[in-house]
Amino acid sequence: MQVSKHVHALKIPFNITIDSGKKLERFVYCFIIFGSKIHLVDSGVSSSEKLIFDYIRQKGRNPEDIASLTLTHSHPDHIGAAKSIRDFSGCTIIAHENEKDWIENTEKQFADRPVPGFSSLVGGSVPVDKTVEHGEEINLEEGLRLHVIHTPGHSRGSISMSLDYEDILFSGDVIPLPGDMPIYDDPLVLIESIEKLQRLKNRSILLSSWDEPRVGNLVDTIISDGIKHLRQLHNSVMEVATNQKTVDSLEMSKIVLHRVGLPTAMASIPLVVRSLSSSIKYI
Ligand SMILES: [Zn+2]
């Protein structure tokens, strides 16, 4: 769907098979910026290039014109098709320095952060051609410029980006949705990052990877709800871990999930336990 003059959002559905053999239905958004060339923000999971290329062709354009692919971070559902897209189009891959190693060496990423079904989600390692830092501008082409905001906490090198003139904010996986699986590296660092986005002007369209495009006042609500939700999760972990010193991280996660109204079954997902446990260092 078209969300602004140049930007289109493409929803990519996928499944993750978790340890119990159960399939989790997920989706991720990737974004296509149509200028004189074509620019992508994130690539979806492995094989998403087919959906992306079809969409581009439907719009009367040629996927060979993809000039850049900016990755908000290195997680499988964002980099999955990056290798195929770069192999096909020769596009420039752009990411934050702190994500480079996990993008260029996906085996290392899997060893460091084992996500169920990783090999089916990621089509391979890909070189990062250009790294960017907070405050930097990415000149995609004349009239299309992204401003980089370093927003760590979901991952070390997560970046958000605003697009000049179109009031667009690409936020990757930075803003959690209450009700969805909590996945982050550090809740307090993440809150600080979301507060950076909260202070931005010109962000009337929010393009998050795990939510529909949102517009207007709803953007403020989503940002403040995300912060509130993280505080609630963090405070619950602090309370449970302080009061019940013998509780293991799995039990702690179940209690916390129940307290905040999330399904306790989420505790069967190691990434959720890892995320909640990241609060414990603050005790
Ligand atoms: Zn992520």
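Residues numbered from 1 in each chain as written. Predicted model: local features only at pLDDT ≥ 70, side-chain atom pairs only at ≥ 80, totals over all residues. Heavy atoms only, no water.

Colleague: Give a detailed account of the UniProt feature "domain: Metallo-beta-lactamase" (unreviewed entry) in the protein, specifying residues and quantitative values.
Modeller: The sites that carry the UniProt feature "domain: Metallo-beta-lactamase" (unreviewed entry) are, in the present numbering, residues 35-210. What you have in residues 35-210 is 30% helix and 24% strand, and the ends, taken at the C-alpha atoms, are 25 Å apart. (UniProt positions renumbered as here; feature names shortened; annotations may be inferred. Helix = DSSP H or I, 4+ residues; strand = E, 2+ residues; numbered from the N terminus.)

Colleague: Can you lay out unusual backbone geometry for me, pointing to particular residues and giving the numbers?
Modeller: At Tyr165, a residue that is not glycine, the phi angle is positive and equals roughly 70°. Exposure remark for Tyr165: the relative accessible area of 72% places this residue in the exposed category. Its identity is not glycine, yet Asn202 carries a phi of approximately 55°, on the positive side. Of the residues examined, Asn202 reaches a relative accessible area of 54% and is grouped as exposed. (Buried < 20%, exposed > 50% of the residue type's maximum accessible area, 1.4 Å probe, protein only.)

Colleague: Can you explain the coordination of the zinc ion? Please cite residues and give values.
Modeller: Coordination of the zinc ion by the protein involves His73 (NE2), His75 (ND1), His154 (NE2) and Asp173 (OD), with metal-donor separations of 2.1 to 2.3 Å. In this structure, the zinc ion is coordinated by four donor atoms arranged in irregular fashion, with angles at the metal of 91 to 170°. Each donor residue of the zinc ion belongs to the same chain, and together they define the spacing H-x1-H-x78-H-x18-D. With His73 in the loop between strand E4 (66-70) and helix H2 (76-79) and Asp173 in the loop between strand E10 (168-172) and helix H7 (187-199), the pair connects residues that are 100 residues apart, well separated along the chain. By the burial criterion, His73 is buried, and Asp173 matches it. (Donors = N, O, S within 2.8 Å, 3.2 Å for Na, K, Ca; no water. Tetrahedral: all angles 85-135°; square planar, octahedral: opposite > 155°, others 65-115°.)

Colleague: Give a detailed account of the packing of helix H8 (residues 217-243) against helix H9 (residues 249-259), specifying residues and quantitative values.
Modeller: For the pair H8 and H9, the least separation of the axes is 9 Å and the interaxial angle reads 135°. With respect to each other, H8 and H9 are oriented oblique. As H8 packs across H9, the resulting crossing turns out to be right-handed. In contact with Leu233, Ser236, Val237, Glu239 and Val240 of H8, H9 contributes Met252, Ile255, Val256 and Arg259. Split into classes, the residues belonging to the contact of H8 with H9 amount to six nonpolar, one polar and two charged. (Axes fitted to C-alpha atoms, helices over the stretch in contact; angles between N-to-C directions. Parallel < 35°, antiparallel > 145°, perpendicular 65-115°, else oblique. Left-handed = near helix turned anticlockwise from the far one by under 90°. Contact = heavy atoms within 4.5 Å. Nonpolar A, V, L, I, M, F, W, Y, C, P; charged D, E, K, R; others polar.)

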